Amino acid sequence: MTTVRSYRDLVVWKEAIGLAKSVYKLSADFPRREVYGLTSQIRRAAVSIPSNIAEGHARNSTREYIRFVSIALGSLAELETQICLAVELEFCTQPQVDEVLKIAEILGRRLHALQSSLNAKVE
């Protein structure tokens, strides 16, 4: 088993970074008029996920780590909602977002598993 010395060693963080990269690529072709609207929102939500994982891991408290994982889960739900809206607004197609949503689903399961593991430590 690999020793976790940094948040950069966490599989969940690496996958969140991959999701953020995918979201940036997906949103690159959104309409220019949305650069300060949905494009910005969707990118900030995507960046928030690995950022909160990293910040939570860096805290000196398991309870704080749990809180930041919870925030990451909230950002993931926000991102999924915004991706669905982008399809509805025809900024992208369902086939274009299917892979991103698949990554998001896997990441959500990992975040819930991390949350459960951390909760078990404080009980």
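Refer to the structure above for everything that follows.
Residues numbered from 1 in each chain as written. Predicted model: local features only at pLDDT ≥ 70, side-chain atom pairs only at ≥ 80, totals over all residues. Heavy atoms only, no water.

Trainee: Just give me the short version of the overall build of the protein chain, but keep the residues and values in it.
Mentor: Within the protein chain, the secondary structure is distributed over four helices and zero strands. The C-alpha atoms of the protein chain give 15 Å as radius of gyration, which agrees with the globular expectation for 123 residues (14 Å, within 12%). In the protein chain, which comprises 123 residues, the share counted as buried stands at 39%. Looking at the protein chain alone, contacts between residues at least 24 apart form 71% of all its contacts between residues at least 6 apart. Put simply, the protein chain shows about 7400 Å² of open surface, and 51% of that area lies on carbon and sulfur atoms. (Helix = DSSP H or I, 4+ residues; strand = E, 2+ residues; numbered from the N terminus. Rg over C-alpha atoms; globule rule 2.2 N^0.38 Å. Buried < 20%, exposed > 50% of the residue type's maximum accessible area, 1.4 Å probe, protein only. Contact = heavy atoms within 4.5 Å. Areas by Shrake-Rupley, 256 points an atom, 1.4 Å probe, with all protein chains shown as cover.)

Trainee: Just give me the short version of the nonpolar core, but keep the residues and values in it.
Mentor: Most often, soluble globular proteins have nonpolar side chains that are buried together. Counting residues in hydrophobic clusters, the biggest one holds 35 residues, and the most contacted among them are Leu 19, Ile 49, Ile 53, Leu 79, Leu 107 and Leu 111. Only α1 (11-27), α2 (38-58), α3 (62-88) and α4 (94-122) provide two or more residues apiece to this core. The element that contributes the greatest number of residues to this core is α3, accounting for 10 residues. Not counting the four nearest positions on each side in its chain, Leu 107 is found in contact with Val 12, Glu 15, Ala 16, Leu 19, Ile 49 and Leu 76. (Core = buried A, V, L, I, M, F, W, Y, C linked by side-chain atoms within 4.5 Å.)

Trainee: Give a description of the packing of aromatic side chains that names residues and reports values.
Mentor: Tallying each qualifying case throughout the model produces two aromatic pairs. Centroid distance Tyr 7 to Trp 13: 5.2 Å. Interplanar angle 70 degrees. Geometry classified as edge-to-face. For Tyr 7, a relative accessible area of 25% puts it in the partly exposed group. Taking the centre distance of 5.6 Å and the plane angle of 50 degrees together, the rings of Phe 30 and Phe 91 count as tilted. With a gap of 61 residues between them, Phe 30 in the loop between α1 and α2 and Phe 91 in the loop between α3 and α4 connect regions that are remote in the sequence. For the pair Phe 30 and Phe 91, a shared accessibility class is recorded, and that class is buried. Sitting over the face of the ring of Tyr 7, Arg 8 holds its NZ or CZ atom 5.2 Å from the ring centroid. If you follow Arg 67 out to its NZ or CZ, it ends over the ring of Phe 68, 4.6 Å from the centre. (Phe/Tyr/Trp six-rings, centres within 6.5 Å; stacked < 30°, edge-to-face > 60°. Lys NZ or Arg CZ within 6 Å of the ring centre and 35° of its normal.)

Trainee: Quick one: what's the story with the side chain of Thr 39, residue by residue and with numbers?
Mentor: By the element assignment, Thr 39 lies in helix α2. Not counting the four nearest positions on each side in its chain, Thr 39 is found in contact with Ser 27, Phe 30, Pro 31 and Glu 34.

Trainee: Describe α3, listing the residues and the values that go with them.
Mentor: Its 27 residues give α3 an end-to-end C-alpha distance of 39 Å, which sits within 8% of 39 Å, the value for a rise of 1.5 Å per residue. Where α3 begins, the capping side chain belongs to Ser 61, and its oxygen is found 3.2 Å from the backbone nitrogen of Arg 63. Count one or two residues on from α3 and you reach Glu 90, which has phi positive near 65 degrees. (Expected span 1.5 Å × (residues − 1). Polar contact = N/O pair within 3.5 Å; in protein donor to acceptor, adjacent residues only side chain to side chain.)

Trainee: How would you explain α2 if you had to name every residue and give the values?
Mentor: Its 21 residues place the ends of α2 30 Å apart at the C-alpha level, agreeing with the 30 Å of an ideal helix rising 1.5 Å per residue. Approximately 25 degrees is the largest bend angle found in α2, and it occurs at Ser 48, with the proline Pro 50 only one to four residues beyond. Listed in full, the buried residues belonging to α2 are Leu 38, Thr 39, Ile 42, Ala 45, Ala 46, Ser 48, Ile 49, Pro 50, Asn 52, Ile 53, Ala 54 and Gly 56. (Bend = angle between axes of the 7 residues up to and from the residue.)

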